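# Summary of the model geometry
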Amino acid sequence: MSLIVEQWRQARRTLTRTRACMHLLVLYLEAIFVHPGMQGKARAGKVGESDFTLRFWFPHVDFTRLRFFDPIRIILQALWLIFFQQEKQTEQSLREARAAKAAAKKHRRQQLVKASKRWVSGQFNRFATSKATRVINQFGDITGYAWLDTASIRISLTVIAALVVAFTITLPMDANSQAVMLLIFWATALWVRDVQKRGALILMVVLSVLVSSRYLYWRVTQTINWDVPTDTALSLLLLSAEIYAWTILVLGYIQTIWPLKRKVAQLPEDTRQWPSVDIFIPSYNEPLSVVRPTVLAALAMDWPVDKLNIYLLDDGRRSDFAEFAKSVNVGYMVRPDNSHAKAGNLNHALKKTTGDFITIFDCDHIPTRSFLQLSMGWFYADKDLALLQTPHHFFSPDPFEKNLTIFRNKPNEGELFYGLIQDGNDMWNASFFCGSCAVLKRGPLEKVGGIAVETVTEDAHTALKLHRLGYSSAYLNIPQAAGLATESLSAHIGQRIRWARGMAQIFRLDNPLVGRGLNLGQRICYANAMLYFLNGLPRIIFMMAPLAFLLLHSYIVFAPAIMIALYALPHIVHSYLTNSKSQGRYRHSFWAEMYETVLAWYIMRPTLVALFAPKHGKFNVTAKGGQTPTSYFDWEVSKPYIILVLLCLIGFLFGIWRLLTGPSDEYLTVALNLLWVSYNLIILGGAVAVAEESKQVRTSNRVNVERPISVVNATGHSFAAELVDYSDRGAGIRLPLECAVSEGEELHLIMAEGPSMNAFSVTVVSRRGDLVGTLFTSDSHEAQMALMRATFSRADAWVGWRDETVVDRPISSFREVIAIGARGYYRMASNLMPKLQPIFDVIYRMGRGVRSLLPYFPGEKVDNEFLRF
């Protein structure tokens, strides 16, 4: 009783009587039902924030300020935690559990081996001349499975496996048998989903391929109505899109089944053996403010000065660039024309230089000082290596991250390629050259004629040419340079159009599936990359497919609704589960559909044209370093999405009408098509949401950090502070409140650079509480180079940027996509009919209020706006 009284007194010091009662009630219910291991601590009065907190288990409830609907949230969350959600283990505890399990397993194995050896030894001594001994001597060490390592056995096992797969795919079943088989597959996939071993993923891939192949076989053989020409045409159109999707799915599984995860290779200790490196920084129309940091960071690289040559390749032929290059003592090159755009610019410099290796950085990609030391070692380890690529890392948000306010909260669009796919390519010796942040060996590059100029994706085509000649490539998945992402949705779409057109051109002109020089893995990786950019038309077909029945009453899948559900839904669910396990750290579930929907309409025409007229099209430069003075809705970009939304809404209304007036035997078919079109509306809402451009007034993007520094004021007093963000122009710092500073005051920031310290002069421009905004005042190149070394060029500048513990939760991701879709419709309606915005505000807030009642995963981040309901 005394313990309860003491806890009551502690709660009453900060909470009202009602809130204190609820606090203690929930605390003890939580200890008893949700976290049984804490019961002893609860009884002992030792339950505190170090063990668990109410906000962790109830992330959408603010217990310091309860709201009207919070009791409902608490009840629903408690029921969900008790009956559905298991205790969330930390990454460390998972590793410890796996290590303990592995150690116990190893110990048991050792004990078993020892016991077996003792038994065998005893038997051997007793029956040294027995028949059993002769058999053992004949077969040798069968525990090594050496008998499996023969061509005949491998071929036999492959044939048997192929026959089993073919039997599983083609076996005819009724609805009940199909349901039983799929439940077994589902149960197996869910059982192994959380197993942290490569074999578990391979098993899920096998199940997914089996289920998807069985669905496709069923579609081809049993679901096309050949008697009605319209149904036949529409059905074949949908089937072609499904065959394309199946192909991309299977090729993607093969491409990423076993990422290589290459480590750093060591350079020779004697720096005299290190090669000479030419650094190319091409530019066309970017402002000097974007190019300057890249050049200064290149100058700060840790590499022998006599073996490092930096060249600014200016296709804009600007006098201020020439003056800047001269002032910092780097090479400056121009050419008489701009033929072949970036590829021509690089090839012109290639002929004018002599370095052993070529390192290329886009003019906005700022390298770290350790870039060359980490990347060059592999060229000594592999003499056939012609190319080493590192990730393209971005310290500014892309349009999705900026307009949806998800920067650094979700994996960005490029994370899947640079985080997983390139690592998978590396396993097959098929890593692509991505145009920047890469090192190429001069000899092989000159042997293929320099950078490829036949297509507008000169980087990937150059890598393909190198691979055809038998050279190898490598991918080092350590961010060693960072740049600016595209700043607007229109610029983002323009960049992706060029990529899509270029990959289609390569597929048409230098198809990786034919010709000499490539192994099977390389052909698969290149083919998948090129075929992926043909997704525009299939994506539009999937968007429009349910309207064929809802509007035209056309049976494009000529089968009972129950059979459609038993074949199609498992195919979809298995692919989502498998991709979630394989790609979850790099792209969350359902986000790929939103990304592809935004681009589908715009890449459809260029890719189709490139397949038939590969010489058509030109290189377009992606603008960097701009501003967005005000927020606005991009009606021009969003037109295709709005048209698709209107068509889907009309189809949805027709579906409701068919439910009310149609025959009863079509109810399930109508319901399936309504679910399909509703899902399409959610994804289209997300595409519309991205079309509202957010305001960006800063010319230099800030990088958020948490780094201890020192601040010295004009009187010479020093204060411990924290660097919270920085750019090449200013910094945000956190100062103690007792440290009085005013706007316009001069300060010195002391930052560490390895064992040495650097002081940077700044001027205070703002102060809000303990946060102080400053601008750097020194314009000398030496000071700017020192600033680069202390910030952007630090070897660990981008270490930890990726959250390695992020786990994809498909249900949570789907909930987020629904919320983004709702936000998109709200923004579109508000911009279309501003006078009705108060009504839209009420509807939108009601929707967010209903969503805020739903359970959340423990510790999940919750939008602060939800805490208002």
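Turning next to the overall build of the protein. Looking only at helices and strands, the protein features 30 helices and 18 strands. When contacts within the protein are restricted to residue pairs at least 6 apart in sequence, long-range pairs at least 24 apart make up 75% of them. Total accessible area on the protein is roughly 42,600 Å²; 62% of this is exposed by carbon and sulfur atoms.

Now for the pattern of salt bridges. Applying the stated rule across the entire model yields 22 salt bridges. The closest approach of N and O atoms between Arg262 and Asp426, which form a salt bridge, is 2.8 Å. Linking Arg262 in the loop between helix H11 (229–256) and strand S1 (277–283) with Asp426 in helix H18 (residues 415–427), this pair joins segments that are 164 residues apart in sequence. Take Asp426: its relative accessible area is 4%, and that puts it in the buried class. For Arg794, the salt bridge identified is with Asp796, shortest N-O distance 3.0 Å. Judged by relative accessible area, Asp796 falls into the partly exposed class, the value being 39%. Here the residues in one salt-bridge network are Asp278, Arg442 and Glu446, joined through shared partners.

The next thing to look at is the sheet that holds strand S10 (residues 481–483). Read from one edge to the other, the open sheet built from 3 strands follows the order S5-S10-S7, with strand pairing classed as mixed. With one partner strand each, in any of the chains shown, strand S5 (366–367) and strand S7 (393–394) form the two edges of the open sheet. For S7 and S10, the ladder comprises 2 bridges, and the chain directions are parallel. Bridge pairing links His393 to Ala482 in S10.

All right, on to the packing of aromatic side chains then. Per the counting criterion, the structure on display carries 24 aromatic pairs. Arranged with centres 6.2 Å apart and planes meeting at 45 degrees, the rings of Trp591 and Tyr595 form a pair that is tilted. With Trp591 and Tyr595 both in helix H25 (residues 591–612) and 4 residues apart, the pair spans about one turn of that helix. Judged by its relative accessible area of 2%, Trp591 is buried.

The next point concerns the nonpolar core. By size, the foremost hydrophobic cluster in this structure holds 83 residues, and its most contacted members are Phe280, Leu404, Phe433, Ile493 and Trp591. Broken down by element, this core gets its largest block of residues, 11 residues, from helix H27 (residues 667–690). When near neighbours in sequence (up to four residues on either side) are disregarded, Ile493 contacts Val598, Leu599, Tyr602, Val637 and Tyr641. Judged by nonpolar contacts, the second largest core, of 68 residues, contains Ile281, Tyr726, Val741 and Val764.

Bringing the packing of helix H20 (residues 458–468) against helix H22 (residues 520–532) into the picture now. Here H20 crosses H22 at 165 degrees, and the two axes come no closer than 12 Å. Classified by the angle their axes make, H20 and H22 are roughly antiparallel. Seen from above, H20 lies across H22 with left-handed handedness. Contacts between H20 and H22 involve Ala460, Ala463, Leu464 and His467 from the first element and Gln522, Tyr526 and Met530 from the second.

If you trace the backbone, Ala245 turns up in helix H11. A residue is classified by how much of its surface remains accessible, and Ala245, at 33% relative accessible area, is partly exposed. Separated by 286 residues in the primary sequence, Ala245 and Leu531 place their C-alpha atoms 10.0 Å from one another.

Looking now at the sheet that holds strand S8 (residues 438–441). The sheet built from 7 strands is open, its strands ordered S3-S2-S1-S4-S8-S6-S9 with mixed pairing. Each edge of the open sheet is held by one strand with a lone partner, namely strand S3 (331–333) and strand S9 (472–475). The sheet shows a mean angle of 20 degrees between the axes of neighbouring strands, direction not considered. Relative to strand S2 (residues 308–314), S1 is paired through 7 bridges, and the arrangement is parallel. Looking at S2, one finds that Phe280 is bridged to Tyr311. Contacts from H20 reach strand S6 (385–389), S8 and S9 within the one sheet, and its direction differs from that of S6 by about 150 degrees.

Of all 7 residues making up S2, 6 are buried, and the element is well covered by its neighbours. Once the chain exits S1 it traverses helix H12 (residues 288–299) before rejoining the sheet at S2, and the crossover so formed is right-handed. With 3 bridges joining them, S2 and S3 adopt parallel strand pairing. Directly across from Tyr311, in S3, lies its bridge partner Gly331. In this view, the connection linking S2 to its parallel neighbour S3 by way of helix H13 (residues 319–328) has right-handed handedness.

So, on to the side chain of Arg442. With respect to the helices and strands, Arg442 occurs in helix H19 (residues 442–447). The class for Arg442 is buried, based on a relative accessible area of 8%. At 2.4 Å, the side chain of Arg442 forms a polar contact with the backbone oxygen of Gly355. If we skip the residues at most four places from it in the chain, Arg442 touches Asp278, Leu350, Thr353, Thr354, Gly355, Asp356, Phe357 and Ile358.

Phi at Lys261 takes a positive value of approximately 55 degrees, unusual for a residue other than glycine. The residue Lys261 is located in the loop between H11 and S1 in this model. The backbone phi angle of His340 is positive, close to 60 degrees, even though this residue is not glycine. Locating His340 in the fold gives a position in the loop between S3 and helix H14 (341–352).

So, on to the packing of helix H23 (residues 536–552) against helix H26 (residues 635–661). The N-to-C vectors of H23 and H26 enclose an angle of 35 degrees; their axes lie 9 Å apart at closest approach. The hand of the H23/H26 crossing is left-handed. On the side of H23, the interface is formed by Ile540, Met543, Met544, Leu547, Phe549, Leu550, Leu551 and Leu552, while H26 contributes Leu644, Leu647, Cys648, Ile650, Gly651, Phe654, Gly655 and Arg658. For the contact of H23 with H26, the per-class residue count stands at 13 nonpolar, 2 polar and 1 charged.

Relative to strand S16 (residues 746–753), strand S13 (residues 703–712) is paired through 3 bridges, and the arrangement is antiparallel. Looking across to S16, one finds that Val711 is bridged to Leu749. Sheet analysis places S16 next to strand S17 (residues 756–768), joined by 8 bridges and oriented antiparallel. Its bridge partner being in S17, Glu746 is matched across the sheet by Thr763. As consecutive antiparallel partners, S16 and S17 are separated by 2 residues, and within that stretch Gly754 has a phi angle of approximately 65 degrees, a positive value.

Attention shifts here to the confidence of the model for the protein. Of the residues in the protein, 81% reach a pLDDT of 70 or more, and the chain-wide mean stands at 83. In this model residues 32–52 is a low-confidence stretch, pLDDT under 50, and it forms 35 contacts with partners more than four residues away in sequence or in other chains. Segment residues 86–95: pLDDT under 50, and 8 contacts once partners within four positions in sequence are set aside and those in other chains are kept.

On the surface, a cluster of nonpolar side chains totalling about 510 Å² of accessible area is made up of Ile202, Val206, Trp258, Leu260, Met427 and Trp428. Examined against the element boundaries, Trp428 turns out to sit in the loop between H18 and S8. Judged by relative accessible area, which is 30%, Trp428 ranks as partly exposed.

Every α-helical turn comprises 3.6 residues, leaving residues that sit three or four positions apart pointing alike. For helix H28 (residues 781–790), the complete set of buried residues consists of Gln784, Ala786, Leu787, Met788, Arg789 and Ala790. Looking at the buried residues of H28, the elements they touch are H12, S5, S13, S16, S17 and strand S18 (771–776).

As a further point, take the environment of Met785. Among the secondary structure elements, Met785 is positioned in helix H28. Through-space distance from the C-alpha of Met785 to that of Val328 is 10.0 Å; in sequence the pair is 457 residues apart. If sequence neighbours within four positions are ignored, Met785 has contacts with Leu296, Leu299 and Ala300.

Basis of the calculations
- As a convention, each chain's residues are numbered from 1 in the sequence order in which they are written.
- Note on the predicted model: pLDDT of at least 70 is required for a residue's local features to be given, and 80 or more for side-chain atom pairs to be given and counted; whole-chain, interface and lining totals, by contrast, use all residues.
- Hydrogens and water molecules were not included; the side-chain quantities draw on all heavy atoms of the structure.
- Every helix listed is a DSSP run of H or I at least four residues long, and every strand listed is a run of E at least two residues long, numbered separately from the N terminus.
- Contacts: residue pairs with any heavy atoms within 4.5 Å of one another.
- Computed with the Shrake-Rupley method and a 1.4 Å probe, the accessible areas treat only the protein chains shown as cover for residues.
- We define a salt bridge as a contact between a side-chain nitrogen of Lys or Arg and a carboxyl oxygen of Asp or Glu at a distance within 4 Å.
- Relative accessibility decides the category of a residue: with a 1.4 Å probe and only protein chains considered, values under 20% of the type maximum give buried, values over 50% give exposed, and everything between is partly exposed.
- For two strands to pair, DSSP has to find at least two bridges joining them.
- Pairing of aromatic side chains requires ring centres within 6.5 Å, counting the rings of Phe and Tyr and the six-membered ring of Trp. Pairs whose planes differ by under 30 degrees are stacked, by over 60 edge-to-face, and all others tilted.
- We call a set of buried Ala, Val, Leu, Ile, Met, Phe, Trp, Tyr and Cys residues a nonpolar core when their side-chain atoms join them within 4.5 Å.
- Here an angle of 0 to 180 degrees is reported between the N-to-C directions of two axes, which are lines fitted to C-alpha atoms, with helices fitted over the stretch in contact.
- By the definition adopted for this analysis, an angle is roughly parallel if under 35 degrees, roughly antiparallel if over 145, roughly perpendicular if from 65 to 115, and oblique otherwise.
- In a left-handed crossing the near helix is turned counterclockwise from the far helix by less than a right angle, and in a right-handed crossing that turn is clockwise.
- For crossovers, right-handed means that the path from the first strand over the helix to the second runs clockwise, given strands pointing away from the viewer.
- Definition of a polar contact: a pair of N or O atoms within 3.5 Å, with one able to donate and the other able to accept a hydrogen when the atoms are protein atoms, and with sequence-neighbouring residues admitted only if both atoms are side-chain atoms.
- Only Asp, Glu, Lys and Arg are considered charged, only Ala, Val, Leu, Ile, Met, Phe, Trp, Tyr, Cys and Pro nonpolar, and every remaining residue, Gly among them, polar.
- What pLDDT conveys is the predictor's confidence in a given residue, as a value from 0 to 100.
- Only residues whose relative accessible area exceeds 30% and that form no salt bridge are eligible for patches; like-charged ones are grouped when within 9 Å, while nonpolar side chains (Val, Leu, Ile, Met, Phe, Trp, Tyr) are grouped when within 5 Å.

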